[in-house]
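One letter stands for each residue in the lines below.
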Amino acid sequence: MKHTAARTYRAVHWATTRLQEGLEEAKRRPDRGDISTTTVIIWVAAVTGAVLIAGTIAVVISKYNGKLTGL
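Residues numbered from 1 in each chain as written. Predicted model: local features only at pLDDT ≥ 70, side-chain atom pairs only at ≥ 80, totals over all residues. Heavy atoms only, no water.

### Quick word on the overall build of the protein chain
Looking only at helices and strands, the protein chain has 3 helices and 0 strands in total. When the helices and strands of the protein chain are listed from N to C terminus, the series reads α-α-α. Per-residue burial for the protein chain yields a buried fraction of 0% across its 71 residues. When the accessible surface of the protein chain is summed, it comes to about 6800 Å², and 67% of that surface belongs to carbon and sulfur atoms. (Helix = DSSP H or I, 4+ residues; strand = E, 2+ residues; numbered from the N terminus. Buried < 20%, exposed > 50% of the residue type's maximum accessible area, 1.4 Å probe, protein only. Areas by Shrake-Rupley, 256 points an atom, 1.4 Å probe, with all protein chains shown as cover.)

### Focus: the confidence of the model for the protein chain
Residue-level pLDDT values for the protein chain average 83, and 87% of them are 70 or greater. Considering each helix and strand of the protein chain separately, the mean pLDDT is smallest for helix α3 (residues 65–68), with a value of 72, and largest for helix α2 (residues 37–63), with 91. (pLDDT = per-residue confidence, 0-100.)

### Points about the pattern of salt bridges
Scanning the entire structure with this criterion turns up 2 salt bridges. In this structure, E21 engages R18 in a salt bridge whose closest nitrogen and oxygen atoms are separated by 3.5 Å. Residue E21 and its partner R18 are located together in helix α1 (residues 2–28), separated by 3 residues, close to a single helical turn. (Salt bridge = Lys/Arg side-chain N within 4 Å of Asp/Glu carboxyl O.)

### Some remarks on the UniProt feature "transmembrane region" (unreviewed entry) in the protein chain
Mapped onto this numbering, the UniProt entry annotates "transmembrane region" (unreviewed entry) at residues 40–61. Each end of residues 40–61 is marked by a C-alpha atom, and these two atoms are 32 Å apart; helix forms 100% of the span and strand 0%. (UniProt positions renumbered as here; feature names shortened; annotations may be inferred.)

### Points about a nonpolar patch on the surface
Residues I35, V40 and V44 make up a contiguous nonpolar surface patch of about 280 Å² in total accessible area. Looking at where V44 falls in the secondary structure, it is placed in helix α2. Its relative accessible area of 48% is what places V44 among the partly exposed residues. (Patch = residues over 30% accessible without salt bridge, like charges linked within 9 Å, V, L, I, M, F, W, Y side chains within 5 Å.)

In structure tokens, the structure reads:
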């Protein structure tokens, strides 16, 4: 049980130290090159559009699969 407590303490200490360092870095350099909200919105829209297009193509192909066989 002693080892588990020591590991837990080290893990919590490491996590809190990393969090403090990250917060200090954010205070020193507010623009660290993080992804902006606009970029995330554009990526989500692009991926959603691609999935919709692929889904539509799959539905059309499955619907007309028998008719397209003779082409």
